[in-house]
Amino acid sequence: PVTALIITINVAFCLVEILGFMYALGIAIDSVSVINIVLAVGLSIDYSAHVGHCFMVKGGSDKNKRALEALADIGAAVLNGALTTFLAVV
């Protein structure tokens, strides 16, 4: 519920930021820019959804402790995913 809303807002802001920078730099929307937009939005959904889900699964009432445990559990996997995606693109 609240986590899903935060993730949705995160993805929306990511999209607004990318499109805003594209407009400010005068980049036209073509096939290459659309592929980059889809990749960026997909990655932001993937990473934030994994961390958000792990946070929600953790038990307890202390949100800071749950956040630390979630990052300790899934942070390395998300980071490895980001690095391998970066290496695949480069």
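Anything mentioned here points back to the structure above.
These numbers were taken from a predicted model, which means no experiment stands behind them. (Residues numbered from 1 in each chain as written. Predicted model: local features only at pLDDT ≥ 70, side-chain atom pairs only at ≥ 80, totals over all residues. Heavy atoms only, no water.)

*Asks:* Please give an account of the pattern of salt bridges that cites residues and values.
*Replies:* The full count for this structure, using the stated rule, is 1 salt bridge. The salt bridge involving aspartate 73 is made with lysine 58; its shortest N-O contact spans 2.0 Å. Taken together, the residues span a long stretch of sequence, with aspartate 73 in helix α3 (residues 63-89) and lysine 58 in the loop between α2 (31-57) and α3 at a distance of 15 residues. Take aspartate 73: its relative accessible area is 48%, and that puts it in the partly exposed class. (Salt bridge = Lys/Arg side-chain N within 4 Å of Asp/Glu carboxyl O. Helix = DSSP H or I, 4+ residues; strand = E, 2+ residues; numbered from the N terminus. Buried < 20%, exposed > 50% of the residue type's maximum accessible area, 1.4 Å probe, protein only.)

*Asks:* Describe the packing of helix α1 (residues 2-25) against α2, and please don't skip the residues or the numbers.
*Replies:* For the pair α1 and α2, interaxial distance at closest approach is 10 Å and the crossing angle is 160 degrees. Classed by the angle they form, the pair α1 and α2 counts as roughly antiparallel. The two elements α1 and α2 meet at a crossing, and its hand is right-handed. Contacts from Thr3, Ile7, Asn10, Val11, Cys14, Leu15, Ile18, Leu19 and Met22 of α1 reach α2 at Ser33, Ile37, Ala40, Val41, Ser44, Ile45, Ser48, Ala49, Gly52, Phe55 and Met56. Counted by class, the contact of α1 with α2 contains 14 nonpolar, 6 polar and no charged residues. (Axes fitted to C-alpha atoms, helices over the stretch in contact; angles between N-to-C directions. Parallel < 35°, antiparallel > 145°, perpendicular 65-115°, else oblique. Left-handed = near helix turned anticlockwise from the far one by under 90°. Contact = heavy atoms within 4.5 Å. Nonpolar A, V, L, I, M, F, W, Y, C, P; charged D, E, K, R; others polar.)

*Asks:* Can you lay out the packing of aromatic side chains for me, pointing to particular residues and giving the numbers?
*Replies:* Throughout the structure, instances matching the rule amount to 0 aromatic pairs. We note arginine 66 situated over the ring of phenylalanine 55; from NZ or CZ to the ring centre the distance is 4.2 Å. (Phe/Tyr/Trp six-rings, centres within 6.5 Å; stacked < 30°, edge-to-face > 60°. Lys NZ or Arg CZ within 6 Å of the ring centre and 35° of its normal.)

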